[in-house]
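Commentary on secondary and tertiary structure
What follows is the residue order along each chain.
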Amino acid sequence: MQEKKASKPRVPHTYVILIGLMILISILSYIVPASNYDMMEINGREVVDASTFHYVDSTPVSPLQMLTSVPRGLVESAEIVFFIFILGGSFHIINSTGALEAGIAALSKRLKNAPHLMIPVFVFLFSILGGTIGMSEETIIFVPIGIALARSLGFDAMVGTSIVFLGAAVGFNSGFMNPFTVGVAQSIAELPTFSGIGLRLVVWAVFNVATMAYIIRYANRVRKNPESSIVRKLELREQDLGGQVDTDLVLTTTHKIVLLAFIAALAFIIYGVFEKGFYIIEIAALFLGLGILSGLIARINPSDMAKTFIQGASEIASGALVVGIARSILVVLNDGQILYTIVNGVSQGIAFLPQSIASVGMFIFQLCLNFFIPSGSGQAAATMPIMVPLADILGITRQTAVLAFHLGDGISNSIIPTGGSLLAALSVAKIDYEDWVKFAWPIVGIWVIIGAVFAAVATLIGYGPM
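Keep in mind that what you see is a predicted model, and the values were worked out from it rather than measured.

Below, the discussion takes up the overall build of the chain. If you tally the helices and strands in the chain, you get 20 helices and four strands. Computed over C-alpha atoms, the radius of gyration of the chain comes to 23 Å, within 12% of the 23 Å expected from 2.2 N^0.38 for 466 residues, which places it in the range of a compact globule. Reported as C-alpha extents along the three principal axes, the dimensions of the chain are approximately 65 × 60 × 55 Å. Within the span of the chain, comprising 466 residues, buried residues form 54% of the whole. Pairs at least 24 apart in sequence give 81% of the contacts found in the chain among residues at least 6 apart. As displayed, the chain offers around 20200 Å² of accessible surface, 65% of which is attributable to carbon and sulfur atoms.

Our focus in this paragraph is the nonpolar core. With 146 residues, the main nonpolar core has Met118, Val159, Phe287, Met384 and Trp436 as its most contacted residues. Excluding residues that lie within four positions of it along the chain, Met118 makes contacts with Leu111, Leu149, Ala150, Leu153, Phe155, Val159 and Ile163.

Running from N to C, helix α7 (residues 157–174) and helix α9 (residues 197–224) cross one another at 165°; their axes reach a closest spacing of 9 Å. In terms of orientation, α7 and α9 fall into the roughly antiparallel class. As for the relative orientation of α7 and α9, their crossing is right-handed in sense. Touching Met158, Val159, Ser162, Ile163, Leu166, Val170, Gly171, Asn173 and Ser174 of α7 are Arg200, Val203, Trp204, Phe207, Asn208, Thr211, Ile215, Tyr218 and Ala219, all from α9. Tallied by class, residues from the contact of α7 with α9 come to 11 nonpolar, six polar and one charged.

The final tally for this structure, using the stated rule, is seven salt bridges. The partner of Glu235 in a salt bridge is Arg151, with the nearest N and O atoms 3.0 Å apart. Here Glu235 is found in helix α10 (residues 232–240), whereas its partner Arg151 is found in helix α6 (residues 143–152), with 84 residues between them in sequence. Grouping residues by exposure puts Glu235 and Arg151 together as buried. Between Glu238 and Arg151 there is a salt bridge, and its shortest N-O distance comes to 3.9 Å.

On to the side chain of Thr383. Counting through the fold element by element, Thr383 comes out in helix α17 (residues 376–394). Apart from residues no more than four positions distant in its own chain, Thr383 is found in contact with Phe365, Gln366, Leu369 and Phe405.

The subject of this paragraph is the packing of aromatic side chains. This structure, assessed with the given rule, holds 17 aromatic pairs. With 5.2 Å between their ring centres and 90° between their planes, Tyr37 and Tyr340 make a pair best called edge-to-face. On the criterion of sequence distance, the pair formed by Tyr37 in the loop between β1 (35–36) and β2 (39–42) and Tyr340 in helix α15 (residues 339–350) is long-range, its members being 303 residues apart. Here Tyr37 falls in the buried class, since its relative accessible area comes to 4%. An aromatic cluster is built from Phe165, Tyr214, Tyr218, Trp436 and Phe439, whose rings are joined through pairwise contacts.

Bringing the side chain of Gln186 into the picture now. Along the chain, Gln186 falls in helix α8 (residues 179–188). Taking the relative accessible area as the measure of exposure, Gln186 reaches 0% and is therefore buried. Not counting chain neighbours up to four residues away, the residues in contact with Gln186 comprise Leu191, Pro192, Thr193, Phe194, Ser195, Arg200, Gln399 and Val402.

Turning to α7, a few remarks are in order. Compared with the 26 Å implied by 1.5 Å per residue over 18 residues, the 25 Å span of α7 between its first and last C-alpha is a close match. The opening residue of α7 is Asp156, an N-cap whose side-chain oxygen sits 3.2 Å from the backbone nitrogen of Met158. Once α7 finishes, Gly175 follows within two positions and takes phi at roughly 55°, a positive value.

For the pair α6 and α7, interaxial distance at closest approach is 7 Å and the crossing angle is 135°. Taken together, α6 and α7 sit at an angle that is classed as oblique. The two elements α6 and α7 cross, and the hand of that crossing is right-handed. Taking contact as the criterion, the partners of Val143, Gly146, Ile147, Ala150 and Arg151 in α6 are, on α7, Ala157, Val159, Gly160, Thr161, Ile163 and Val164. Looking at the contact of α6 with α7 residue by residue, the class counts come to seven nonpolar, three polar and one charged.

In this section: the confidence of the model for the chain. Caution applies to low-pLDDT regions: their predicted coordinates should not be interpreted in detail. Mean pLDDT over the chain: 85, with 94% of residues reaching 70 or higher. Note on residues 1–6: pLDDT under 50 across the span, and zero contacts to partners over four residues away in sequence or across chains.

All right, on to the environment of Asp304 then. The residue Asp304 is located in helix α13 (residues 302–315) in this model. Asp304 gets classed as partly exposed once you look at its relative accessible area, which sits at 40%. When the C-alpha positions of Asp304 and Val48 are compared, they lie 52 Å apart, and in sequence the two are 256 residues distant.

Further remarks concern the environment of Met362. Along the chain, the position of Met362 falls in helix α16 (residues 355–369). A C-alpha to C-alpha distance of 25 Å links Met362 and Gly167, two positions 195 residues apart in sequence.

Time to look at unusual backbone geometry. Positioned with a positive phi, Glu190 is a non-glycine residue whose angle comes to about 60°. Within the secondary structure, Glu190 is located in the loop between α8 and α9. The phi torsion at Gln337 lies on the positive side, around 55°, for a residue other than glycine. Here Gln337 lies in the loop between α14 (317–336) and α15.

Rules of the game
- Along each chain, numbering runs from 1 in the same order as the chain's sequence is written.
- The predicted nature of this model means local features are confined to residues of pLDDT at least 70 and side-chain atom pairs, given and counted, to a pLDDT of 80 or more, with totals for whole chains, interfaces and linings taken over all residues.
- Side-chain calculation: all heavy atoms of the structure are included, whereas hydrogens and water are not.
- Under the scheme used here, helices are H or I runs from DSSP no shorter than 4 residues and strands are E runs no shorter than 2 residues, and both carry numbers assigned from the N terminus.
- For a compact globule the rule gives 2.2 Å times the number of residues to the power 0.38, and the radius of gyration it is set against comes from C-alpha atoms.
- Burial classes follow relative accessibility: with a 1.4 Å probe on protein chains only, a residue under 20% of its type's maximum area counts as buried, one over 50% as exposed, and anything between as partly exposed.
- Here, residues are in contact when the closest pair of their heavy atoms is within 4.5 Å.
- Surface accessibility follows the Shrake-Rupley procedure with a 1.4 Å probe radius. Residue values consider only the protein chains on display as shielding.
- Buried Ala, Val, Leu, Ile, Met, Phe, Trp, Tyr and Cys residues that are joined via side-chain atoms within 4.5 Å together make up what is termed a nonpolar core.
- For every element, the axis is a line fit to its C-alpha atoms; helices are fit only across the contacting stretch, and the angle between N-to-C directions ranges from 0 to 180 degrees.
- An angle counts as roughly parallel when it lies under 35 degrees, as roughly antiparallel when it exceeds 145, as roughly perpendicular when it falls between 65 and 115, and as oblique in every other case.
- Left-handed is the label given to a crossing in which the near helix is rotated counterclockwise from the far helix by less than a right angle, and right-handed is the label when the rotation is clockwise.
- Any residue that is not Ala, Val, Leu, Ile, Met, Phe, Trp, Tyr, Cys, Pro, Asp, Glu, Lys or Arg is counted as polar, Gly included; the first ten are nonpolar and the last four charged.
- Salt-bridge detection follows one rule: a side-chain nitrogen of Lys or Arg within 4 Å of a carboxyl oxygen of Asp or Glu.
- Here is the rule: rings of Phe, Tyr and Trp (six-membered ring for Trp) pair when centre to centre is within 6.5 Å. Planes less than 30 degrees apart are stacked, more than 60 are edge-to-face, and the remainder are tilted.
- Take the number of residues in a helix, subtract one, and multiply by 1.5 Å to get its expected span.
- What qualifies as a polar contact is a pair of N or O atoms within 3.5 Å, subject to a donor-acceptor requirement within protein and to the restriction that residues adjacent in sequence count only when both atoms come from side chains.
- pLDDT measures the predictor's confidence residue by residue and takes values from 0 up to 100.

Listed below in structure tokens is the structure:
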């Protein structure tokens, strides 16, 4: 009798992981004491008052309450969920004109003798956007372009996604001028806005080099042996669906007009983000308009345009919905009122650490807490009023506490399943979360080591405003 091969253990589906976490936190709400802080205003922002921690009556999460957290999570993250649907539908219309494919074919011909040049250039450019405007969800609109260009040069969707998403993450992590993390945290810590930029620029440079080297190493392997691609099944499926770029395509006049409209829309979005405060709703509206305009330029029948839009939206429905399911974890934490119990307990533990490693403890705490509060400004409002007086007591500069916060908040965004921007980018890329973890965990681990080193260095040099 032939022995059966032991089946390889499979990583549970993303939905299973998230629902499992939701159940676990619901159970913890029956065990962990409920607590809260009073709120106060600092520089126009509602933050916790660190001196007012108090226990409150327990509010354990009932099974029905837990189940309703899913639709409530979808409601709370509706902007991102519908942004993904609109983006998917609009991009499908733009792609149907053939303009993006023809434009990328022309670009790939220029890069054919130096295909790896694409990786450092993209990572560098997006790291600047991540470090200045805090680009996160906005990366989603560039992911399909990165993927198409990567495939045209012999790479895969993972390379195309990572040069955009991880590139922006490099800048967001280092936060040299990130208004959503460093700006908010320094405001709460009563530090000059964007002070201490010198060390953060060094962090940015180190993150850039490490990330470029990591992606290039993977890209080389895939180009030499396509079978080694982590997303090989996706690549084969896209080939069957005609998802590969034909490098022999010729740019027609119609293609050029569509591309000009596309570039103009991107330029207006960047202007709007910088000058007018554009966010998800405005960007979604502009892409919807761009999709319709591109279809009209290419003389696509309105009914066919509508069908194309629906098809594009339906292809990323699973990824869009997972954003709302991930948000339900925070809903359950708030219902059970156990988040601040965890925050207070950990902060008291950090107080007993030696000064030399207390900043590393702060960094690791922020890194883990980001799983439950993936919003950078939200995490700053919840933790910085506690970390600032703790830093004062330990003799650590407030600038070091800010550094530990924004490094911890930024790094884990690239791998946690509760991060809306990551799941949104993966849904547009059609990459399974499990495959992304397999690809990204080594570079995230490298980032963690770099972050811990710089947190310790900041303590040693007495990092302050400069």
